[in-house]
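# Examination of the molecular architecture
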Amino acid sequence: MKRRNSKWLTLALLPPLAFSGCAGGLALAPVASIAVTGATKAAQASRPISESEEYYLGRAVAARIFSQYTLSRNTRLNHYVNEVGQTVARKSNRPQTFRGYHFGVLDTDELNAFACPGGLILITRGLVQTCESEDQLAAVLAHEVAHIAHRDGVNSVSKARWSEVLTAMGTQAVRQYGGVAGNLISLFEGSIDDVFKTMVVNGYSREAEFAADQEAVVTLQKAGYDPQALSQVLEKMMARQKDNAGGIFKTHPPTSVRLAKVKTTAPCASPPTANNRRQRFKEEVG
Ligand SMILES: [Zn+2]
(Lines give C-alpha, C1' and ligand atoms only; values in the text may rest on other atoms or scores of the structure.)
Protein backbone atom coordinates (compact mmCIF):
# COMPACT_ATOMS: atom_id res chain seq x y z
CA MET A 1 0.00 0.00 0.00
CA LYS A 2 2.72 2.42 0.97
CA ARG A 3 5.06 1.58 -1.87
CA ARG A 4 2.29 1.97 -4.43
CA ASN A 5 2.36 5.72 -3.96
CA SER A 6 6.11 6.15 -3.83
CA LYS A 7 6.50 7.45 -7.41
CA TRP A 8 3.79 9.98 -6.80
CA LEU A 9 5.33 10.89 -3.51
CA THR A 10 8.59 11.72 -5.19
CA LEU A 11 6.69 14.23 -7.31
CA ALA A 12 4.75 15.46 -4.33
CA LEU A 13 7.96 16.40 -2.60
CA LEU A 14 9.06 18.67 -5.39
CA PRO A 15 8.45 22.36 -4.89
CA PRO A 16 6.84 24.29 -7.76
CA LEU A 17 10.15 25.51 -9.13
CA ALA A 18 11.04 21.89 -9.86
CA PHE A 19 8.62 21.89 -12.77
CA SER A 20 10.26 24.80 -14.50
CA GLY A 21 13.72 23.40 -13.83
CA CYS A 22 16.13 21.67 -16.18
CA ALA A 23 15.29 18.35 -17.73
CA GLY A 24 17.10 15.39 -16.31
CA GLY A 25 17.75 17.06 -12.99
CA LEU A 26 14.32 16.26 -11.66
CA ALA A 27 15.49 13.83 -9.02
CA LEU A 28 18.46 15.76 -7.71
CA ALA A 29 17.97 19.48 -8.14
CA PRO A 30 14.61 20.00 -6.36
CA VAL A 31 15.58 18.02 -3.30
CA ALA A 32 18.82 19.94 -3.06
CA SER A 33 16.99 23.21 -3.49
CA ILE A 34 14.69 22.55 -0.59
CA ALA A 35 17.64 21.38 1.47
CA VAL A 36 19.62 24.59 1.29
CA THR A 37 17.31 27.46 2.08
CA GLY A 38 19.79 29.31 4.26
CA ALA A 39 17.82 29.05 7.48
CA THR A 40 19.29 27.28 10.43
CA LYS A 41 18.14 23.75 11.05
CA ALA A 42 16.53 24.77 14.30
CA ALA A 43 14.51 27.53 12.64
CA GLN A 44 13.50 25.20 9.82
CA ALA A 45 12.40 22.52 12.21
CA SER A 46 9.81 24.82 13.71
CA ARG A 47 8.32 26.58 10.72
CA PRO A 48 4.74 25.75 9.70
CA ILE A 49 3.81 23.90 6.52
CA SER A 50 4.01 26.34 3.62
CA GLU A 51 1.22 26.95 1.08
CA SER A 52 3.03 24.99 -1.63
CA GLU A 53 3.80 22.09 0.72
CA GLU A 54 0.15 22.10 1.74
CA TYR A 55 -0.82 21.86 -1.92
CA TYR A 56 1.44 18.88 -2.62
CA LEU A 57 0.34 17.18 0.58
CA GLY A 58 -3.27 17.66 -0.54
CA ARG A 59 -2.52 16.12 -3.92
CA ALA A 60 -1.00 13.09 -2.26
CA VAL A 61 -4.03 12.72 0.01
CA ALA A 62 -6.32 13.07 -3.03
CA ALA A 63 -4.37 10.30 -4.80
CA ARG A 64 -5.24 8.00 -1.90
CA ILE A 65 -8.89 9.02 -2.02
CA PHE A 66 -8.93 8.26 -5.75
CA SER A 67 -7.65 4.77 -5.01
CA GLN A 68 -10.96 4.20 -3.20
CA TYR A 69 -13.38 6.33 -5.21
CA THR A 70 -13.90 7.25 -8.86
CA LEU A 71 -14.47 10.77 -10.10
CA SER A 72 -17.92 11.12 -11.66
CA ARG A 73 -17.90 11.14 -15.46
CA ASN A 74 -20.86 13.51 -15.42
CA THR A 75 -19.08 16.58 -16.76
CA ARG A 76 -22.06 18.89 -16.32
CA LEU A 77 -22.48 17.89 -12.70
CA ASN A 78 -18.76 18.38 -11.99
CA HIS A 79 -18.86 21.74 -13.71
CA TYR A 80 -21.93 22.83 -11.77
CA VAL A 81 -20.55 21.75 -8.39
CA ASN A 82 -17.34 23.55 -9.28
CA GLU A 83 -19.25 26.73 -10.11
CA VAL A 84 -21.13 26.71 -6.81
CA GLY A 85 -17.95 25.84 -4.93
CA GLN A 86 -15.99 28.70 -6.50
CA THR A 87 -18.75 31.13 -5.57
CA VAL A 88 -18.59 30.02 -1.98
CA ALA A 89 -14.77 29.91 -1.84
CA ARG A 90 -14.49 33.48 -3.13
CA LYS A 91 -16.57 34.65 -0.17
CA SER A 92 -14.77 32.53 2.41
CA ASN A 93 -12.12 33.87 4.74
CA ARG A 94 -9.45 32.17 2.59
CA PRO A 95 -10.46 33.03 -0.96
CA GLN A 96 -7.10 32.08 -2.44
CA THR A 97 -4.79 29.14 -2.05
CA PHE A 98 -1.49 28.23 -3.75
CA ARG A 99 -3.17 26.66 -6.81
CA GLY A 100 -6.77 27.70 -6.16
CA TYR A 101 -9.87 25.72 -5.30
CA HIS A 102 -11.09 22.76 -7.32
CA PHE A 103 -14.26 20.79 -6.74
CA GLY A 104 -15.22 17.35 -7.98
CA VAL A 105 -17.95 14.74 -7.52
CA LEU A 106 -17.10 11.19 -6.46
CA ASP A 107 -19.26 8.58 -8.11
CA THR A 108 -20.76 6.82 -5.10
CA ASP A 109 -24.06 6.71 -3.24
CA GLU A 110 -22.20 7.14 0.03
CA LEU A 111 -22.70 10.44 1.88
CA ASN A 112 -19.32 12.08 2.27
CA ALA A 113 -17.10 15.03 1.41
CA PHE A 114 -13.37 15.60 1.68
CA ALA A 115 -11.37 18.81 1.87
CA CYS A 116 -7.86 17.95 0.71
CA PRO A 117 -5.26 20.43 1.97
CA GLY A 118 -4.65 23.22 -0.51
CA GLY A 119 -8.16 23.42 -1.93
CA LEU A 120 -9.24 20.22 -3.71
CA ILE A 121 -12.73 19.46 -2.42
CA LEU A 122 -14.46 16.21 -3.27
CA ILE A 123 -18.12 15.56 -2.57
CA THR A 124 -19.93 12.29 -3.22
CA ARG A 125 -22.83 12.05 -5.64
CA GLY A 126 -24.90 10.67 -2.74
CA LEU A 127 -24.37 13.83 -0.73
CA VAL A 128 -25.02 16.12 -3.73
CA GLN A 129 -28.31 14.31 -4.29
CA THR A 130 -29.23 14.59 -0.62
CA CYS A 131 -29.29 18.36 -1.12
CA GLU A 132 -32.60 19.79 -2.25
CA SER A 133 -31.37 23.12 -3.51
CA GLU A 134 -28.29 24.96 -4.71
CA ASP A 135 -28.20 26.75 -1.37
CA GLN A 136 -27.94 23.42 0.45
CA LEU A 137 -25.18 22.26 -1.88
CA ALA A 138 -23.42 25.56 -1.24
CA ALA A 139 -23.78 24.93 2.50
CA VAL A 140 -22.00 21.56 2.28
CA LEU A 141 -19.24 23.05 0.12
CA ALA A 142 -18.90 26.07 2.43
CA HIS A 143 -18.30 23.68 5.35
CA GLU A 144 -15.51 21.98 3.36
CA VAL A 145 -14.02 25.31 2.28
CA ALA A 146 -13.94 26.28 5.97
CA HIS A 147 -11.81 23.18 6.67
CA ILE A 148 -9.35 24.43 4.03
CA ALA A 149 -9.47 27.98 5.39
CA HIS A 150 -8.80 26.73 8.91
CA ARG A 151 -6.03 24.43 7.61
CA ASP A 152 -7.59 21.53 9.50
CA GLY A 153 -5.99 19.01 7.13
CA VAL A 154 -2.41 20.21 7.48
CA ASN A 155 -2.89 20.77 11.18
CA SER A 156 -3.46 17.03 11.55
CA VAL A 157 0.15 16.34 10.58
CA SER A 158 1.80 15.58 13.88
CA LYS A 159 4.24 18.28 15.01
CA ALA A 160 6.89 15.67 15.72
CA ARG A 161 6.56 14.25 12.21
CA TRP A 162 6.78 17.63 10.52
CA SER A 163 9.78 18.55 12.60
CA GLU A 164 11.50 15.38 11.35
CA VAL A 165 10.60 16.23 7.74
CA LEU A 166 12.08 19.71 8.10
CA THR A 167 15.20 18.42 9.78
CA ALA A 168 15.70 15.95 6.93
CA MET A 169 15.14 18.76 4.41
CA GLY A 170 17.78 20.82 6.16
CA THR A 171 20.42 18.12 6.06
CA GLN A 172 23.15 18.77 3.52
CA ALA A 173 23.36 15.07 2.77
CA VAL A 174 19.92 15.32 1.22
CA ARG A 175 21.78 16.43 -1.91
CA GLN A 176 22.71 12.81 -2.39
CA TYR A 177 19.46 11.56 -3.70
CA GLY A 178 18.55 8.11 -2.44
CA GLY A 179 20.17 8.65 0.95
CA VAL A 180 18.41 11.09 3.19
CA ALA A 181 15.97 11.84 0.38
CA GLY A 182 14.73 8.28 0.64
CA ASN A 183 14.13 8.85 4.31
CA LEU A 184 12.48 12.18 3.49
CA ILE A 185 10.04 10.44 1.21
CA SER A 186 9.06 8.00 3.92
CA LEU A 187 8.70 10.86 6.41
CA PHE A 188 6.56 12.78 3.95
CA GLU A 189 4.53 9.66 3.43
CA GLY A 190 3.96 9.60 7.18
CA SER A 191 2.60 13.15 6.95
CA ILE A 192 0.18 12.01 4.26
CA ASP A 193 -0.85 9.15 6.54
CA ASP A 194 -1.61 11.63 9.31
CA VAL A 195 -3.87 13.75 7.08
CA PHE A 196 -5.54 10.79 5.36
CA LYS A 197 -6.32 9.01 8.62
CA THR A 198 -7.78 12.16 10.12
CA MET A 199 -9.83 13.08 7.06
CA VAL A 200 -11.12 9.66 6.07
CA VAL A 201 -10.96 7.48 9.18
CA ASN A 202 -10.99 9.39 12.47
CA GLY A 203 -12.29 12.83 11.57
CA TYR A 204 -11.21 16.26 12.82
CA SER A 205 -11.91 17.38 16.36
CA ARG A 206 -15.47 18.28 17.32
CA GLU A 207 -14.33 21.86 17.82
CA ALA A 208 -12.95 21.96 14.26
CA GLU A 209 -16.25 20.65 12.90
CA PHE A 210 -18.38 23.12 14.83
CA ALA A 211 -16.06 25.94 13.75
CA ALA A 212 -16.43 24.84 10.09
CA ASP A 213 -20.22 24.89 10.49
CA GLN A 214 -20.17 28.38 11.98
CA GLU A 215 -17.87 29.62 9.25
CA ALA A 216 -20.08 28.03 6.59
CA VAL A 217 -23.11 29.99 7.79
CA VAL A 218 -21.18 33.27 7.56
CA THR A 219 -19.85 32.38 4.09
CA LEU A 220 -23.30 31.44 2.83
CA GLN A 221 -24.64 34.80 3.87
CA LYS A 222 -21.73 36.67 2.25
CA ALA A 223 -22.23 34.72 -0.99
CA GLY A 224 -25.93 35.59 -1.11
CA TYR A 225 -27.11 32.11 -0.24
CA ASP A 226 -29.64 31.26 2.43
CA PRO A 227 -27.74 30.99 5.76
CA GLN A 228 -30.43 28.56 6.92
CA ALA A 229 -29.39 26.15 4.18
CA LEU A 230 -26.85 24.41 6.42
CA SER A 231 -29.55 23.56 8.98
CA GLN A 232 -31.75 22.35 6.16
CA VAL A 233 -29.16 20.03 4.68
CA LEU A 234 -28.19 18.70 8.13
CA GLU A 235 -31.86 17.80 8.63
CA LYS A 236 -31.86 15.99 5.29
CA MET A 237 -28.69 14.16 6.27
CA MET A 238 -30.21 13.12 9.60
CA ALA A 239 -33.13 11.60 7.76
CA ARG A 240 -30.72 9.52 5.67
CA GLN A 241 -28.34 8.66 8.50
CA LYS A 242 -30.02 5.42 9.55
CA ASP A 243 -29.24 3.89 6.14
CA ASN A 244 -25.74 5.42 5.95
CA ALA A 245 -23.87 4.72 9.15
CA GLY A 246 -20.41 5.27 7.63
CA GLY A 247 -19.06 8.08 5.49
CA ILE A 248 -19.50 11.56 6.84
CA PHE A 249 -21.36 10.29 9.91
CA LYS A 250 -18.30 8.36 11.03
CA THR A 251 -15.96 11.34 10.85
CA HIS A 252 -18.24 14.12 12.12
CA PRO A 253 -19.97 14.80 15.45
CA PRO A 254 -23.59 13.58 15.71
CA THR A 255 -25.63 15.45 13.08
CA SER A 256 -28.27 16.30 15.69
CA VAL A 257 -25.64 18.10 17.79
CA ARG A 258 -24.30 19.96 14.75
CA LEU A 259 -27.84 20.96 13.83
CA ALA A 260 -28.63 22.25 17.32
CA LYS A 261 -25.45 24.35 17.34
CA VAL A 262 -26.02 25.74 13.84
CA LYS A 263 -29.61 26.66 14.70
CA THR A 264 -28.46 28.78 17.60
CA THR A 265 -26.05 30.74 15.40
CA ALA A 266 -27.68 31.01 11.97
CA PRO A 267 -29.48 34.32 11.43
CA CYS A 268 -33.26 33.97 11.69
CA ALA A 269 -34.03 35.99 8.58
CA SER A 270 -33.84 33.69 5.59
CA PRO A 271 -33.55 35.40 2.22
CA PRO A 272 -35.85 33.90 -0.42
CA THR A 273 -34.12 31.39 -2.67
CA ALA A 274 -33.87 32.86 -6.14
CA ASN A 275 -35.98 30.99 -8.65
CA ASN A 276 -33.19 30.79 -11.20
CA ARG A 277 -30.92 29.00 -8.73
CA ARG A 278 -33.71 26.58 -7.83
CA GLN A 279 -34.29 25.90 -11.50
CA ARG A 280 -30.58 25.43 -12.23
CA PHE A 281 -30.22 22.98 -9.35
CA LYS A 282 -33.16 20.90 -10.63
CA GLU A 283 -31.71 20.78 -14.13
CA GLU A 284 -28.25 19.71 -13.04
CA VAL A 285 -28.95 17.39 -10.12
CA GLY A 286 -32.51 16.23 -10.82
ZN1 LIG B 1 -16.28 18.61 8.43
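Structural data are supplied above this passage.
Rules behind the numbers
- Residues numbered from 1 in each chain as written.
- Predicted model: local features only at pLDDT ≥ 70, side-chain atom pairs only at ≥ 80, totals over all residues.
- Heavy atoms only, no water.
- Helix = DSSP H or I, 4+ residues; strand = E, 2+ residues; numbered from the N terminus.
- Contact = heavy atoms within 4.5 Å.
- Areas by Shrake-Rupley, 256 points an atom, 1.4 Å probe, with all protein chains shown as cover.
- Core = buried A, V, L, I, M, F, W, Y, C linked by side-chain atoms within 4.5 Å.
- Buried < 20%, exposed > 50% of the residue type's maximum accessible area, 1.4 Å probe, protein only.
- Salt bridge = Lys/Arg side-chain N within 4 Å of Asp/Glu carboxyl O.
- Phe/Tyr/Trp six-rings, centres within 6.5 Å; stacked < 30°, edge-to-face > 60°.
- Lys NZ or Arg CZ within 6 Å of the ring centre and 35° of its normal.
- 1 Å grid on protein atoms, 1.4 Å probe; cavity = no way out; pocket = protein on both sides within 12 Å on 5 of 7 lines; lining within 4 Å.
- Points joined across faces, edges and corners; volume = space filled by probe spheres on them.
- Nonpolar A, V, L, I, M, F, W, Y, C, P; charged D, E, K, R; others polar.

When helices and strands are counted, the protein chain shows 14 helices and three strands. Within the protein chain, counting contacts between residues at least 6 apart in sequence, those at least 24 apart form 72% of the total. Total accessible area computed for the protein chain in this model is approximately 13000 Å², and 54% of it derives from carbon and sulfur atoms.

In this section: the nonpolar core. Counting 41 residues, the largest nonpolar core has Val81, Ile123, Leu137 and Leu230 as its most contacted members. The element contributing the most residues to this core is helix α7 (residues 134-149), with eight residues. Those residues in contact with Leu137 that lie beyond four places of it in its chain are Tyr80, Val81, Val84, Ile123, Val128, Cys131 and Phe281.

Counting across every chain of the model gives twelve salt bridges. A salt bridge links Asp194 to Arg161, with the shortest nitrogen-to-oxygen separation between them at 2.8 Å. Residue Asp194 is located in helix α9 (residues 180-202), and its partner Arg161 is located in helix α8 (residues 159-170); the two are separated by 33 residues in the primary sequence. For Asp194, a relative accessible area of 14% puts it in the buried group. With its nearest N and O atoms 2.9 Å apart, the salt bridge here joins Lys263 to Glu235.

A few words on the packing of aromatic side chains. A full pass over the atoms with the stated rule returns five aromatic pairs. When the ring of Tyr69 is compared with that of Phe114, the centres are 5.7 Å apart and the planes differ by 50 degrees; the resulting orientation is tilted. Placement of the pair is Tyr69 in the loop between α4 (51-65) and α5 (75-90) and Phe114 in strand β2 (residues 113-116), with a sequence separation of 45 residues. Take Tyr69: its relative accessible area is 12%, and that puts it in the buried class. Of note, Arg64 hangs over the ring of Phe196, and the distance from its end group to the ring centre comes to 5.9 Å.

Once that is clear, we can look at empty space enclosed by the protein. This structure, assessed with the given rule, holds four cavities of 30 Å³ or more. In this structure, the largest cavity spans a volume of roughly 90 Å³. Counting residues per element, the ones that place at least two in the lining of the largest cavity are β2, α7 and α9. The leading source of residues in the lining of the largest cavity is β2, at three residues. Partitioning the lining of the largest cavity into residue classes produces five nonpolar, six polar and two charged. For the second largest cavity, the calculated volume is near 70 Å³. Lining the second largest cavity we find Val140, His143, Glu144, Leu230, Val233, Leu234, Met237, Ile248, His252 and Arg258. At the level of elements, α7 and α11 (229-241) are the ones that each hand at least two residues to the lining of the second largest cavity. If one sorts the elements of the lining of the second largest cavity by residue count, α11 sits on top with four residues.

On their own, these measurements won't tell you what the molecule is for.
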